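# Structure at a glance
Here is what each chain is made of, one letter per residue.
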Amino acid sequence: PSLLLLLTLTKLTNCFLFSPRQEIMKWNGWGYSDSKFLFNKKGQAEFTGKRYRLSGMTLPSLQDWFENTFGASVKHKSPPVLNASVVPPPRLNEAFVENLKATGIPFSNEAEDRVFRAHGHCLHEIFALREGKKFERVPDMVVWPNCHNDVVKIVELACKHNVCLIPYGGGTSVTSALECPPEETRCIVSLDTSQMNRILWLDENNLVAHVEAGIIGQDLERLLNESGYCTGHEPDSMEFSSLGGWVATRASGMKKNVYGNIEDLVIHIKAVTPRGVIEKSCQGPRTSTGPDIHHFILGSEGTLGVVTEVTMKIRPIPEYQKYGSVVFPKFEAGVACLREVAKQRCAPASIRLMDNKQFHFGHALKPQVSSIFTHFVEGLKKFYITKLKGFDPHQLVVATLLFEGDRERVLQHEKQVYDIAATFGGLAAGEDNGQRGYLLTFVIAYLRDLGMDYCVVAESFETSVPWDRVLDLCQNVKERIIRECKERGVQFQPLTSCRVTQTYDSGACIYFYFAFNYRGLADPVHTYEQVEHAAREEILANGGSLSHHHGVGKLRKEWMKDSISNVGVGMLKSVKEYVDPENIFGNRNLL
Amino acid sequence: RELSSESNIYIYCLNILVFVTLQQRDPMLKRDCFEDILEERRNSSDLKYALRCYAPVLYKGVTPCKANMLKNIVLQSDQLHYVINQVSQESGEAPDIIQEEASVILEEMAHRLQISTVRCFAFALSKAFKTLFQHVCVNEEGIQRLQQAIQEHPVVLLPSHRSYMDFLLMSYILYTYDLALPVIAAGMDFMGMKFVGEMLRMSGAFFIRRSFGGDKLYWAVFSEYVKTMLRNGFAPIEFFLEGTRSRTCKSLTPKLGLLNIVIEPFFKGEVFDVNLVPVSISYERILEESLYARELLGVPKPKESTSGLLKARRILSEDYGSIHVYFGQPVSVRSLAQGKVNRSTYNLFPRHIPRKPMEETQSFVNDTAYRIVRLQEDNMVLKPWVLMASLLLQNLEGLELSVLTEQTVWLRGLALSYAAFLDWPDQAPTAKVVSSSLALHRGLACVSGDRVSLVVGEPLGPVTPEEALFNRAVSVLSCASYRNQVLHVFLRPAMLAVAMLHLSDEVYNCFSFLWDMFSNDFILCPGDTVQDFEEACYLLVKTGAVQMPQQDIVMTDIGQPTLSFFNGLLEPFLQGYQVVCRYLCEEASEGLTEKQYIPAVRSFAVKLILAGNLRCYEVLSSDMQKNALAALLRMDAVRKVKVADQVTLIVNKMAVNSIDDILGKNRMISHINQTPISPSLSLVAVAEDLYRDGLTPSYIR
């Protein structure tokens, strides 16, 4: 009996100790359980919780925007089904379980734990959860290694017993990368890195930090901040995504202009593969030692092994930060300005250009203004831009800016950028607008849940494209979406919106939002997927890449051959063949 | 007759396939109704009409672009700059000078569309049209579709080209319906007419040189000019796929240059789609009728001059019947290219650097061009006279009026069951229809007593035999230009009929030979041989002329008149090609140059006719001679060799002889088809059946 008690206790602690995040997060939507948008009894939108700048505020114009944009109505609710999905029973590999127990590494085969790690945040995944649909295949168990050596042990055991491992970091994938292949007959073990979340050391001489790969973005940033440093890597998902995940998907951060993308930030990677541990022997800032082996790991999407530890560049926390925004009369002018900024290589830490639809969207998220005075000032601003400057409210777009550095430099930099903007007809539009623009990216995923409560499905996707094709690509992809929706019987005009989120010397990253009211459709998710598929084809035909930072996963596998050539695919395959001949890391992403 | 083994396979799937392919080719089985736009002009003030408010909606609501601004956009484009630098490097001239040259080219080319000029034209044309024509009919549904298309996508208008009138008429119609006025690609020859040239320029014409093959700069300016207008949707672009007016009223093999230019922005992702709108303009009587015939006979075309145009005032006193303008369904380039062209192949090359289109693209554009011309053909309105002309040409000695009437009725049934777009006056008795057609075309046919025959130009004083022959040829060729209008309806079954009646046992092979031989004379989409064969079989079976028991194609008891009519229809072409072959084998000298070829064949044919060995006048047409030569070149029976400045034709007599043999089996040159068609009573009954069927909507074409 004492043994039994012990086991039960372990299980309880498992849930409690090893997955505190799971407790405070939604199981069928985005983010924290306490934070969500809802329409209150007065019909006004509000954002619950205390975590965000918007939390606890009412957003008086959101409902109008929502109803007008989608033809939706707050009367037509489509709330989630409350009972959890039916979970198939685990297929355990007894020998593996026995061996694992001996190592003392915690694990669980509770349905809740398994389902939580069976998905990312693709529309179809969340939709299925809300509707209480059954997942065909979920992990059979979850393990929580505590350090690199634990991972080595787990991988060895997995190889020994032919168990399939799927690494799990923050669970924010939007490429079906976490989906278990339905055809997988072996026991699937989800390897949750969340306990490997320490900064192991910090080297101020070389400005690097050695960090365990399971750490979540916001924790990493907070811990470094305590020592006066930051990585500056801020992908929109940084509240929930993990360092290992960034490496495995070639993530990109909002402030890459100053700090670089993940591949620029990483100095050293340690990863455990079925063949053993792969790492470099030094931390030289650059080497000429054949093809960079880091690049086999970066973007491998969990098909080769688990990233356990990463040495990363760090920077002192900037002295001064300033948001800003510029209004342009037209999207074309905005793009031309961003192009010029990129040409002069004077991009601020972040510069983004939202199209007109997103500008209105952002406005719909303005909290209630308390004083008549603010009202008055807002009115004046609007009058100035639309009447005196002759900007068409249905054409104008806004660029949001974030400057970082020492105060003087920032102010100088700011002037330089605003001067360039002025030559393209841009008008400075204040810090507040800028900040709200960035806020949108953090709450957008919460808004999707709100949409889904009222028959609206939504998703985002991204690409990168040479400068000269930016405008055409945006235009054509939007048009294609509208057309495909029409052809597939979507009865309401879809929302298609885009923004240029990153600038490079030779091109830009473009991020699309796409949403529609699905009332009257038998299978909205299927329709959605068909349209997204068409949109991706359009992107590729217009010179866009398969992905700028989301990755390929299983969602975009079909285009890999066209994207990187047969030989390219062959190269990747042969690496996989050497590193993992038994396909232990069997999530079947990428290839 | 046995079919070749390969064709057997096709026959099995015939019933299913043909149904599908025919439907694919023409998704719009139902055609729109027409409205006469002259009717309102006859009832209200032309001045008011010319001055009325004109506010067309443009593509995505863009504001129209001033001609000067347009020029600036073109001159400042990356595309042009690239070529200017390239040319400058090659020639050693400074870029500024080349830039200046480009600016001059553009000046010479660009349109200067002015609404005031358009209004002048609107006024003048209203007056002219009312005197010249009884009706100008337009399908308003087509106009509505066009209006929609203009707002959604850049539009390219592709009218058929039979007359100088065409582009004035197009602009006139678009103005009438308050649609965006097109900019029109016109040949530089118009510029010769000083005042008129400028007037046309101000009504939206832009002028291109007839040939500028090697001139990079010219090409760059030209293509960028067109693309700029297209990409921005400033105005619909209009040009003639056939490149020039068809002197024979047959559609001409499409030219691809401009089509390539307007399609490329889609492939490069610069526009979401491009809509091609085929427009079929059918004239009941063509203004240039006898002018064309003379031109084909070697009388050079009068140089366009303003005074020449004024002389043409004489034509104002005549009745030219009606015009039908049919705006076809807009064809989306995007949908056409789906699965045929991989646009991402354009990703790896800067878009502003000119590049020869890839093979995949070229064949797509070629295919598209043919499809559009066939769509034009499909919607050409045919008048009863067209049928009568076809019959008269098979009976050059003339026909009894009653026989002509009877046979016209029979042919009408056949044409309708083949989905010809026949404009037969409802409710009018047949005799009336025939007589009014004869009245309108009294310049071509005359009724003396009970006999109808072709008119031979009134001899003024004593004529030489050559002059008499020439006069007769003019009326035959004029008449042929009407018969030619119906050829696209009958062509495929007619080729099958010829294959069955005259040629060897392998019907499919013969068909395919004819198909290949005639592919310069008629619009036969490259690679469609099998499909056309199936269509031919299907149509002949449908009208009961042949049966297809298992693997055979057999003429039925009632099939004789149909097949022999078809045979007679193509006879002039067969004979013409044969004469060319004979000439090349028997008469052509060693160093025959390309320039000498046409006059030489002509005098060879004249000799044969005068000697009474040939009664086919159509071979005198330079058009047929050119097409025959093109066919022989294509079949490698003749080669072109460039010696010094001359292009010499090298004849492979063996090959030409064997082609002549195939064409001429069972036929001697002196033997003209004289199988008279004498429909028996039962035949008339069949014809009536067909006619009725032709009218029922359940009938697939």
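Residues numbered from 1 in each chain as written. Chains lettered and ligands numbered in written order. Predicted model: local features only at pLDDT ≥ 70, side-chain atom pairs only at ≥ 80, totals over all residues. Heavy atoms only, no water.

### Examining the interface of chain B and chain A
Across the boundary between the two partners, chain B contributes 15 residues, which contact 13 residues of chain A. For the chain B and chain A pair, buried surface summed over both sides reaches about 1200 Å², with 31% attributable to carbon and sulfur atoms. Looking at the side of chain B facing chain A, the largest losses of area belong to B:Phe272, B:Asn347 and B:Arg351, adding up to 45% of the total buried there. Our count for the chain B to chain A interface comes out at five salt bridges. For the salt bridge of B:Arg351 with A:Asp472, the shortest nitrogen-to-oxygen distance reads 2.9 Å. Where chain B packs against chain A, one counts twelve residue pairs in polar contact (both at pLDDT 80 or more). (Contact = heavy atoms within 4.5 Å. Buried area = accessible area lost by both parts, 1.4 Å probe. Salt bridge = Lys/Arg side-chain N within 4 Å of Asp/Glu carboxyl O. Polar contact = N/O pair within 3.5 Å; in protein donor to acceptor, adjacent residues only side chain to side chain.)

### Some thoughts on the sheet that holds strand β4 (residues 107–108) of chain A
Hydrogen bonding along the main chain pairs the strands of a sheet, whether they run parallel or antiparallel. Residue and element names in this part refer to chain A. Overall, mixed pairing links the four strands, which are arranged β4-β5-β7-β6 in an open sheet. The outermost strands of the open sheet, each flanked by one partner alone, are β4 and β6 (164–168). Of the strands in this sheet, β4, β5 (141–143) and β7 (188–192) touch helix α4 (residues 94–103), which is tilted by about 25° from β5. (Pairing = 2+ DSSP bridges. Helix = DSSP H or I, 4+ residues; strand = E, 2+ residues; numbered from the N terminus. Axes fitted to C-alpha atoms, helices over the stretch in contact; angles between N-to-C directions.)

### Brief notes about the UniProt feature "site: Important for enzyme activity" (unreviewed entry) in chain A
Residue and element names in this part refer to chain A. In the numbering used here, UniProt assigns the "site: Important for enzyme activity" (unreviewed entry) feature to Arg352. Within the element layout of this structure, Arg352 appears in strand β16 (residues 350–354). What makes Arg352 buried here is its relative accessible area of 4%. Excluding anything up to four places from it in sequence, Arg352 contacts Asp236, Met254, Val398, Ala399, Thr400, Tyr438, Thr441, Arg499, Val500 and Thr501. There is a polar contact of 3.1 Å between the side chain of Arg352 and the side chain of Asp236. (UniProt positions renumbered as here; feature names shortened; annotations may be inferred. Buried < 20%, exposed > 50% of the residue type's maximum accessible area, 1.4 Å probe, protein only.)

### Remarks on the nonpolar core
Ranked by size, the top nonpolar core spans 115 residues in total, and within it B:Trp385, B:Phe490, B:Leu496, B:Phe566, B:Leu584 and B:Tyr597 carry the most contacts. Ranked by the residues each element gives to this core, the list is headed by helix α20 (residues 465–501) of chain B, at 20 residues. (Core = buried A, V, L, I, M, F, W, Y, C linked by side-chain atoms within 4.5 Å.)

### Considerations on α20(B)
Residues and elements named next belong to chain B. Between the first and last C-alpha of α20 there are merely 35 Å, a value that for 37 residues lags more than 12% behind the 54 Å anticipated at 1.5 Å per step. Along α20, the helix axis deviates most sharply at Phe490, where the bend reaches about 70°; the proline Pro493 sits within four residues downstream. Of all 37 residues making up α20, 29 are buried, and the element is well covered by its neighbours. (Expected span 1.5 Å × (residues − 1). Bend = angle between axes of the 7 residues up to and from the residue.)

### Brief notes about the pairing of strand β2 (residues 135–138) of chain B
Residues and elements named next belong to chain B. Relative to β2, strand β1 (residues 35–36) is paired through two bridges, and the arrangement is antiparallel. Its bridge partner lying in β2, Glu35 is registered against Val138. Note: β2 against strand β8 (residues 322–327), four bridges, orientation parallel. If you follow His135 over to β8, its bridge partner there is Ser322.

### Here's the deal with the sheet that holds strand β21 (residues 507–517) of chain A
Residues and elements named next belong to chain A. An order of β18-β15-β17-β16-β20-β21-β19 is seen for the seven strands of this open sheet, with the pairing classed as antiparallel. Only two strands of the sheet have a single neighbouring strand rather than two, namely β18 (427–428) and β19 (456–466). As judged from the five bridges shared by β16 and strand β17 (residues 397–405), these two strands associate in the antiparallel manner. Each residue of the ladder has a partner; that of Ser350, found in β17, is Leu402. Against the sheet, helix α18 (residues 470–487) engages β19, β20 (495–503) and β21, with an angle of about 20° to β21.

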